[in-house]
Amino acid sequence: PPSQAETMATSNTLGTMLRSLPRFSSRLRRRADMFMPLSSNFRTRPFSSEAADATEDEYGKMDSDGKSYIFDEFTLESGTVLKQAEIRYKTFGELNEKGDNCVLVFHALTGNAAVDEWWAPLLGEGKLFDTSKYMVFCANILGSCYGSTGPNDINPGTQERYGMEFPPVTVRDSVRSQKAILDSLGVNHIRFAMGGSLGGMLTLEWGLEYGDTVDSLVVMACGARETAWQIAINETQRQAIFRDPNWEDGKGKAYGGLGLARQIAMVSYRSHAAYNKKFGRKLTKEMEAEYGDADSAILNGKVPHYNVEGYLA
């Protein structure tokens, strides 16, 4: 996902990026890849304050605050029916009488509905998400852990936690659930939809499913489908969780495996060049003060601890 600084820089040129939505032909209406959301309340904690200063792109407060929409029954693309399916969402600004001033924002895989936290520089009067002109809507996706129904919730049919029995959901499932909520709110038209990473895929899917309801799409940092490289990284994250001795077939609390899975994800979020620019080979503040650089630490019989390690810790 883009860093806060990258997002702010992007916002300055988004006016030229908003283009009219092309009409999608039937041959483009391909199914979106199914995804298994990685539910997590794991938060990264910098190894040193210097590591935090180098990134400056925390999501902000991650919670499940917001309003709820509950479906008596929601039928997934697979045909599986989720009973009492809940979607947590937030709105900012007011919907006009025509219901045509909505802006739709999709979060990334591990995000929530709090646009005011993770894209705060873009939200407010006179900004990209201008709350004096638009009603900004964002919902937590199905399968997440920030208010919407997911593996940690109770299955109404069994009165037990879903766990590994939670059905796989698709990008299309999340988009269709959000469309139902917007319909209930009286939204008739969307000025633009925007998202990055998985949020970008959701934005594309909205265009495919409901292209006649939106003027423009802003799609960032994503492709139409996951590549083999992305699928492989996702699998290493799952294996890290499965191999935690506290996993217990999804019934335990595999916080150690979950933490390692999150570290793997954090490595994948930036390029080699970005890591070199942010961290290089700098040691932690404590080791740098004592030894200066990695070579000196090694010559003194110490294993170097690098600043970048704090970003993952």
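How each quantity is defined
- Residues numbered from 1 in each chain as written.
- Predicted model: local features only at pLDDT ≥ 70, side-chain atom pairs only at ≥ 80, totals over all residues.
- Heavy atoms only, no water.
- Helix = DSSP H or I, 4+ residues; strand = E, 2+ residues; numbered from the N terminus.
- Contact = heavy atoms within 4.5 Å.
- Areas by Shrake-Rupley, 256 points an atom, 1.4 Å probe, with all protein chains shown as cover.
- Buried < 20%, exposed > 50% of the residue type's maximum accessible area, 1.4 Å probe, protein only.
- Expected span 1.5 Å × (residues − 1).
- Axes fitted to C-alpha atoms, helices over the stretch in contact; angles between N-to-C directions.
- Parallel < 35°, antiparallel > 145°, perpendicular 65-115°, else oblique.
- Left-handed = near helix turned anticlockwise from the far one by under 90°.
- Nonpolar A, V, L, I, M, F, W, Y, C, P; charged D, E, K, R; others polar.
- Phe/Tyr/Trp six-rings, centres within 6.5 Å; stacked < 30°, edge-to-face > 60°.
- Lys NZ or Arg CZ within 6 Å of the ring centre and 35° of its normal.
- Pairing = 2+ DSSP bridges.
- Right-handed = clockwise from strand over helix to strand, strands pointing away.

Student: Any chance you could break down the overall build of the protein for me, citing the residues and the numbers?
Tutor: Along the backbone of the protein there are 12 helices and 11 strands. Sequence-distant contacts in the protein: of pairs separated by 6 or more residues, those separated by 24 or more amount to 68%. Working note: accessible area of the protein is about 16500 Å², and carbon and sulfur atoms make up 50% of it.

Student: Just give me the short version of the environment of R176, but keep the residues and values in it.
Tutor: Relative to the assigned elements, R176 resides in helix 5 (residues 171-185). Under the relative-accessibility criterion, R176 is labelled partly exposed at 35%. With 101 residues separating them along the chain, R176 and T75 place their C-alpha atoms 9.9 Å apart. Excluding its chain neighbours within four sequence positions, the residues that come into contact with R176 are F74, E209 and Y210.

Student: Hey, could you go over helix 5 for me, with residue numbers and the actual values?
Tutor: Spanning 15 residues, helix 5 covers 22 Å between terminal C-alpha atoms, matching the ideal 21 Å at 1.5 Å per step. Among the residues making up helix 5, those that are buried are V171, R172, D173, S174, V175, S177, Q178, K179, I181 and L182. Count one or two residues on from helix 5 and you reach G186, which has phi positive near 90°.

Student: Help me get a handle on the packing of helix 5 against helix 6 (residues 198-210), residues and values and all.
Tutor: Between helix 5 and helix 6, the least distance of the axes is 9 Å, while the angle of their chain directions is 65°. Classed by the angle they form, the pair helix 5 and helix 6 counts as roughly perpendicular. For the pair helix 5 and helix 6, the crossing hand works out as right-handed. Along its contact with helix 5, which presents V171, R172, S174, V175, R176, Q178, K179 and L182, the element helix 6 presents L198, M201, L202, E205, W206, E209 and Y210. Broken down by class, the residue content of the contact of helix 5 with helix 6 amounts to eight nonpolar, two polar and five charged.

Student: Help me get a handle on the packing of aromatic side chains, residues and values and all.
Tutor: Within the structure shown, the criterion is met by 14 aromatic pairs. Judged by centre distance (6.2 Å) and plane angle (25°), the ring pair of F129 and F192 falls under stacked. Here F129 is found in the loop between helix 4 (115-118) and strand 6 (135-139), whereas its partner F192 is found in strand 10 (residues 190-196), with 63 residues between them in sequence. A relative accessible area of 4% places F192 in the buried class. Ring centres 6.1 Å apart and planes at 70° place the aromatic pair Y275 and Y311 in the edge-to-face group. With a gap of 36 residues between them, Y275 in helix 9 (residues 272-278) and Y311 in helix 12 (residues 307-312) connect regions that are remote in the sequence. Classification of Y311 as buried rests on a relative accessible area of 5%. By way of ring pairs, the aromatic residues W118, W119, F129, Y134 and F192 are connected into one cluster. Between K179 and the ring centre of Y210, over which it is positioned, the NZ or CZ distance is 5.2 Å.

Student: Residues and numbers for the pairing of strand 11 (residues 214-220), please.
Tutor: Among the seven residues of strand 11, five are classified as buried, and the element is accordingly described as predominantly covered. Relative to strand 11, strand 10 runs parallel, the two sharing six bridges. Bridging across to strand 11, I190 finds its partner in V214. Regarding the hand of the β-α-β motif, the stretch spanning strand 10, helix 6 and strand 11 is right-handed.

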